[in-house]
Number of protein chains: 2
Amino acid sequence: MEVLKRRAFSLWPPSSRSCVAFFTSKAYSTVSSPPRTESQNREAFRQAVVNTLERRLFYIPSFKIYGGVAGLYDYGPPGCAVKANILAFWRQHFVLEENMLEVDCPCVTPGIVLEASGHVDKFTDLMVKDEKTGACHRADHLLKDFCKDKLEKDHELSAEKAAELRHILAVLNDFSADELCAKIKEYSITAPDTKNSLSNPYPFNLMFQTSIGPSGSSPGYMRPETAQGIFVNFKDLYYYNGNKLPFAAAQIGQAFRNEISPRQGLLRVREFTLAEIEHFVDPKDKSFPKFSEVSDLELFIFPREDQMSGQPTRRLTIREAVSQGIIDNETLGYYIGRVYLFLTQLGIAKDRLRFRQHLGNEMAHYSVDCWDAEIESSYGWVECVGITDRSAYDLQAHADRSRVPLVAYEKYEQPREVEKLTVLPVKKELGLAFKGDHKMVVKALEVMGKKEAMEMKASLEDKGEAAFRVCALNKVVTIKNSMVSISIEKRKEHQRVFTPSVIEPSFGIGRIIYCLYEHSFYTRPSKCGDEQVNVFRFPPLVAPIKCTVLPLIQNQEYEEVAKQIAKSLKASRISYKIDVTGTSIGKRYARTDELGVPFAITVDSTSSVTVRERDSKQQIRVNVNEVASVVKQLTDGSVRWGGVLLRYPTRSP
Amino acid sequence: MEVLKRRAFSLWPPSSRSCVAFFTSKAYSTVSSPPRTESQNREAFRQAVVNTLERRLFYIPSFKIYGGVAGLYDYGPPGCAVKANILAFWRQHFVLEENMLEVDCPCVTPGIVLEASGHVDKFTDLMVKDEKTGACHRADHLLKDFCKDKLEKDHELSAEKAAELRHILAVLNDFSADELCAKIKEYSITAPDTKNSLSNPYPFNLMFQTSIGPSGSSPGYMRPETAQGIFVNFKDLYYYNGNKLPFAAAQIGQAFRNEISPRQGLLRVREFTLAEIEHFVDPKDKSFPKFSEVSDLELFIFPREDQMSGQPTRRLTIREAVSQGIIDNETLGYYIGRVYLFLTQLGIAKDRLRFRQHLGNEMAHYSVDCWDAEIESSYGWVECVGITDRSAYDLQAHADRSRVPLVAYEKYEQPREVEKLTVLPVKKELGLAFKGDHKMVVKALEVMGKKEAMEMKASLEDKGEAAFRVCALNKVVTIKNSMVSISIEKRKEHQRVFTPSVIEPSFGIGRIIYCLYEHSFYTRPSKCGDEQVNVFRFPPLVAPIKCTVLPLIQNQEYEEVAKQIAKSLKASRISYKIDVTGTSIGKRYARTDELGVPFAITVDSTSSVTVRERDSKQQIRVNVNEVASVVKQLTDGSVRWGGVLLRYPTRSP
């Protein structure tokens, strides 16, 4: 995952048309109070979703009986089932489809691995402390809140000042500690709540630190991403793949970030599930054989240039985006397409999903191109999947540190003749001539480029000496014939040795799930019309429970039939729930609608039963013996509701 | 998981008949060297399995390019697939079957939770340090090694001494720090390798410690088990279950133990996957409605008494074991049966699986009864699943610490009349009479038993005063009429309030997988008979890849057919591997046998193909269009190989 450059959420304005329409329209408007602002609508909508999620145990604040811990959440039973369904589909959609090599590495990671990857040095946020209470805050959050607050509430703000604050919001993520410090001082920003003065900002490393083994001498960290486990295994995985490129490895697992002050509920948490793919490819050939399978997909693309010039997102096919050079290569394009299919099949709304390219200042220096799948939610656009061409950076970093070559080979059909430059400094002579400086001279000679070496060779042969600039010494020295031997040899090479590039799609599973909850949630009047009923319109693929079984009335005969049906459902491996309470059938439907259960079987006779579809509320009559297999087909996707409607007698609800 | 009492592996002698037979028989005997001891056979067998596992990337020592970290292993591609298959089956076999409430809680856990559970105080091993190098060792390991070594190698050992050492091995796990210290001194045990002297043993906490949030003031640990996440959620889960008992909650996830010096390869590691069930039940009724579904299963049972008296394991049905009071209750018995079915369906050999009851000294004081599913491996009997009746201990511990009642209710059909004792100390009077001691007196009065209170009441009414022993003060005081009011009231109660018992089956997934590897591994001569071929006889359920597709020769027509078959397999969600290398078909079969792939499709014509079963090496002819569906049925278990043999023409291999 693109970690060395961290961002909160996109600041680029465009509450796109779809978004505005969504939050101000009837999609959520149960309370007939004076018209609300878009931001109030968002807030009310989110509250309704979150209330339902928490009440039905989709999630639970972790360790609640002890007061909870900020940024830690449990998945309760329906949330856990949704997550398991999504991960199973991820495996099928990515791992099985591309024959990826899935691995499973530990969370506990020794320090050296994360030093090599850069996390120990750079995986930080800037923090300030309340000088009296010692409470910690993220410096950029305080500055951001200050600017937003001013812009929203200070009606006497000059146009000039407003522009300044807006500019800060736009460039905030690039601020250094010094810049942040200057702004916090300039605006006299104090600690929230206490209003005490603040310390200067300083970097706080976001990894949970621990110690491996009993001696206390081996520092370790809880991994901040799963990717490093794949990189360090490159050599074995390449071998496993028959020493062939390209191939992709994948990993699903927990990752940990010790956030300074977690915000935004389920979106920024301290422990979360990542699903990451590392696709290793020859840097000279990033074409993708199956590109044509996704290239005609049309999706919302938000290229760097459009963001800079204030354009809205555009609809483009992936083929157009790659051929116009907007997306760097076919492999990136292929994965963008597959991510689009993955998310929309889960139930993410197509018009509230966009692919945003990172701006130059967001990307790490080694990245070739980087896209985020962003999903619109009540929090704005949320970065849920990052798809990055990270070049050879990671493999190179681990090869450098471990001294184990992490390379691939391309066998030539015919051996190729290459010219190989050899520069051999004669250390004894150089030592005599340059004394304490001689090591610098040796090093400079060794890393000389081909052109420079050939010029030196010519000069040495011609004049017996050559002038040579040693940067590290900042002076020009004279190299004599006896001090170096330079030769060009012709050699036959049978293969090319290179460090593969890696293209990394990285999925924040928890964020995808939260956005999916929002996209799936709606309300509708109850049967009697006296109250609003909450519904999650999960597709069967995602639904935590596929089917409820409801005896219409409390009677032994019906309960026997219900048990028999339950048994067949279990045999077909369909998750179900029996509800034998005496509550009215309407209320029992409402209960399961709120869990997003797509189908309900009502036992109202001993021979045939009613199957109801959640969103249309349409009902059909099916024989008791047949009903499990009908539900099986509906949930595994081999039949759709429309198809079933044609085959079975309908019933008005 | 039963954690407060930790054991290595069972020390009870009985290398059962099956085991001896296994390791000394032809099951592994490829080298025709002089006859080996059983222990050499075990070692050689293990080496063969582990070599294959490591070479084919079933597992990889984690962070290998950096020299690895003891006790941390990655699952490579086939290992990861085996694990995913086993977890999916676990969900189906337990969670779906019993409608369990699955949850998913974080690994990062605040200190208070693990203080309440007892882990902060008691989850320790005794450690000694090499006094010169500072290297750490487990004290019991050193003593154990010393005793074993002496018994094995010192041929001049007196019978008396030998008996003493054997006794130590038997009771070692109960040694206190002082006892261990005494023995280490008595035998002059020194550090392995260096032979330096050792420190006294002291407890080392096995949890990985960390800090939550930036302030450094909130200690946290990486959970040592997943169970606590369920206990702290009891209240919500009980509500979710409609306030009804019994119900079971489940969790699959990582757990962490910072072992002092990990040994035994994949069996004792520092991070591992647990799958745990907490079945909450009324302590007054531990019957199980579905008990009869497993009660006729006959399995190897090893009760406490038989272990003490040196008997071998016995074969008993679960019904017999429960009715004879060997297994405490039906719920425990039911889970023992389900665990047996789970393990044997994965491929664990029935005669190398036993259920061993904990001895009195192994069980925590609160446990009612405790059984381990132990699987025999080259390391001896390995504890893979613990099935424990933990009474109300865990819920009570968290209720006490959090002050949130974790209780269940039994509604009475008719309200019941109960006598309720009320003791109200009059603090003012007591304060005047007893000054500084009065708090102790108040407390003692409040916790007085019913009998004592009634006697006091009688005495007060009779004489106006009563003698009262206050233990905390170690003296008898005189209580006067004015100092306390004691009353008995009759009240109507509508429900019983109680803390549920919990029965906990806890699965060490990594250990099960390792034992399964050993039970599945065998060798056989290659086709030409010139070498031994390794095979894993995984059932299709477990196999990492279900099917290989092999064009008989390198030719475009066959490769096209192979691709077409691959496409159908993918559509049926069957994991497969194409091998288009020009290697001989025999070698390609051998490659996939070693990965445990159960079926191979050889493309040897464009209309029909050969399907080969791994273990029998039998072959059938199937049409190209039909082959994916045949393999699908074979892998999902709806058809067995024997059935297929009858339906399709066979081919001699």
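Residues numbered from 1 in each chain as written. Chains lettered and ligands numbered in written order. Predicted model: local features only at pLDDT ≥ 70, side-chain atom pairs only at ≥ 80, totals over all residues. Heavy atoms only, no water.

Draft legend 1. Spotlight on the interface of chain A and chain B. Taken residue by residue, the interface counts 77 residues in chain A and 77 residues in chain B. Carbon and sulfur atoms supply 63% of the area that chain A and chain B bury against each other, a total of about 6,500 Å² over both sides. The three residues of chain A that bury the most area against chain B are Ile-65, Tyr-66 and Tyr-240 of chain A, which together make up 13% of that side's buried surface. The interface formed by chain A and chain B includes six salt bridges. (Contact = heavy atoms within 4.5 Å. Buried area = accessible area lost by both parts, 1.4 Å probe. Salt bridge = Lys/Arg side-chain N within 4 Å of Asp/Glu carboxyl O.)

Draft legend 2. Fine view of the relation of the copies chain A and chain B. Overlay of chain A on chain B (RMSD 0.3 Å): rotation 180°, translation along the axis 0.0 Å. Such a turn and shift between the copies fits a two-fold axis. For chain A, the residue whose C-alpha comes nearest the rotation axis is Thr-210 of chain A, separated from it by 2.6 Å. The residues that chain A uses at the interface reappear at the interface of chain B in 100% of cases, marking a shared surface. (Least-squares fit on C-alpha atoms with pLDDT ≥ 70 in both.)

Draft legend 3. Just the UniProt feature "domain: Aminoacyl-transfer RNA synthetases class-II family profile" (unreviewed entry) in chain A, in detail. Per the UniProt entry, the sites bearing "domain: Aminoacyl-transfer RNA synthetases class-II family profile" (unreviewed entry) are residues 47–525 of chain A in this numbering. Taken end to end, residues 47–525 of chain A is 35% helix and 30% strand, and its two terminal C-alpha atoms sit 18 Å from one another. (UniProt positions renumbered as here; feature names shortened; annotations may be inferred. Helix = DSSP H or I, 4+ residues; strand = E, 2+ residues; numbered from the N terminus.)

Draft legend 4. Inspection of the pairing of strand E12 (residues 298–302) of chain A at higher detail. Residues and elements named next belong to chain A. With four of five residues buried, E12 lies mostly within the body of the structure. In the sheet, E12 pairs with strand E13 (residues 314–317) via four bridges, with the strands oriented antiparallel. In the strand pairing of E13, Phe-300 is matched with Arg-315. Inspection of the sheet shows E12 paired to strand E14 (residues 353–357) by three bridges, in the parallel sense. What sits directly across from Ile-301, in E14, is Phe-355. (Buried < 20%, exposed > 50% of the residue type's maximum accessible area, 1.4 Å probe, protein only. Pairing = 2+ DSSP bridges.)

Draft legend 5. Just a positive patch on the surface, in detail. On the surface, a cluster of positive charge is contributed by Arg-573 and Lys-632 of chain A together with Arg-573 and Lys-632 of chain B. Along the chain, Lys-632 of chain B turns up in helix H21 (residues 627–636). Residue Lys-632 of chain B is classed as partly exposed on the basis of its relative accessible area, which comes to 32%. (Patch = residues over 30% accessible without salt bridge, like charges linked within 9 Å, V, L, I, M, F, W, Y side chains within 5 Å. Areas by Shrake-Rupley, 256 points an atom, 1.4 Å probe, with all protein chains shown as cover. Lys, Arg positive; Asp, Glu negative; His and termini not counted. Charge placed at Lys NZ, Arg CZ, Asp CG, Glu CD.)

Draft legend 6. Region of interest: helix H7 (residues 159–171) of chain B. Residue and element names in this part refer to chain B. Over its 13 residues, H7 runs 19 Å from end to end, which matches the ideal 18 Å to within 8%, given 1.5 Å per residue. Within H7, the full set of buried residues consists of Ala-162, Leu-165, Ile-168 and Leu-169. Down the axis, H7 shows its buried residues gathered within 120° of arc, on one side only. For H7, exposure combined with an orientation more than 90 degrees from the buried face picks out Ala-159, Glu-160 and His-167. For H7, the secondary structure elements touched by its buried residues are helix H6 (139–153) and helix H8 (177–186). (Expected span 1.5 Å × (residues − 1). Arc of directions from axis to C-beta.)

Draft legend 7. Spatial organisation of the packing of helix H2 (residues 38–55) of chain A against helix H18 (residues 509–520) of chain A. All names here are of chain A. Where H2 meets H18, the closest approach of the two axes is 10 Å, and the angle between their N-to-C directions is 110°. Classified by the angle between their axes, H2 and H18 sit roughly perpendicular to one another. Residues Phe-45, Arg-46, Val-49, Val-50 and Leu-53 of H2 touch H18, and the partners they reach there are Tyr-514, Tyr-517 and Glu-518. Here the contact of H2 with H18 is composed, by residue class, of six nonpolar, no polar and two charged. (Axes fitted to C-alpha atoms, helices over the stretch in contact; angles between N-to-C directions. Parallel < 35°, antiparallel > 145°, perpendicular 65-115°, else oblique. Nonpolar A, V, L, I, M, F, W, Y, C, P; charged D, E, K, R; others polar.)

Draft legend 8. How the structure looks around the side chain of Asp-236 of chain B. With respect to the helices and strands, Asp-236 of chain B occurs in helix H10 (residues 234–240). Overall, the relative accessible area of 15% leaves Asp-236 of chain B in the buried class.

Draft legend 9. Main features of the pairing of strand E15 (residues 369–377) of chain A. Residue and element names in this part refer to chain A. Taking burial as the measure, the nine residues of E15 include nine buried ones, the bulk of the element. A two-sided burial pattern is seen for E15, the buried positions comprising Asp-369, Trp-371, Ala-373, Ile-375 and Ser-377 on one face and Cys-370, Asp-372, Glu-374 and Glu-376 on the other. Taken together, the five bridges between E14 and E15 define a ladder with antiparallel strand orientation. Following the sheet pairing, Gln-357 is matched in E15 by Trp-371. As judged from the nine bridges shared by E15 and strand E16 (residues 380–389), these two strands associate in the antiparallel manner. Each bridged residue has a counterpart across the sheet, and for Ala-373 the counterpart in E16 is Val-385. Taken together, E15 and the strand that follows it, E16, pair antiparallel across an intervening segment of two residues.

Draft legend 10. Layout of the confidence of the model for chain A. Residues and elements named next belong to chain A. Averaged over all residues, the pLDDT of chain A is 90; the fraction at 70 or higher stands at 94%. In this model, residues 2–22 is a region of pLDDT below 50 whose contacts with residues beyond four sequence positions or in other chains number 75 contacts. Model confidence for the complex: the whole-complex pTM is 0.88, and ipTM, which rates the interface, is 0.87. (pLDDT = per-residue confidence, 0-100.)

Draft legend 11. Spotlight on the sheet that holds strand E8 (residues 209–211) of chain A. Residues and elements named next belong to chain A. With antiparallel pairing, three strands are arranged side by side in an open sheet as E4-E9-E8. Either end of the sheet is taken by a strand with one partner, and the two such strands are strand E4 (108–110) and E8. Taking each pair of neighbouring strands and ignoring which way they run, the sheet shows an average axis angle of 40°.

Draft legend 12. Spatial organisation of unusual backbone geometry. In this model, Leu-245 of chain A is joined to Pro-246 of chain A through a cis peptide bond whose omega is -15°. Structurally, Pro-246 of chain A can be placed in the loop between helix H10 (234–240) and strand E10 (247–256). Although it is not a glycine, Leu-57 of chain B adopts a positive phi angle of roughly 60°. With respect to the element layout, Leu-57 of chain B can be found in the loop between helix H2 (38–55) and strand E1 (59–61). The phi dihedral of Arg-403 of chain B falls on the positive side, at around 60°, and the residue is not glycine. As for its position among the elements, Arg-403 of chain B is in the loop between helix H14 (393–402) and strand E17 (408–425).

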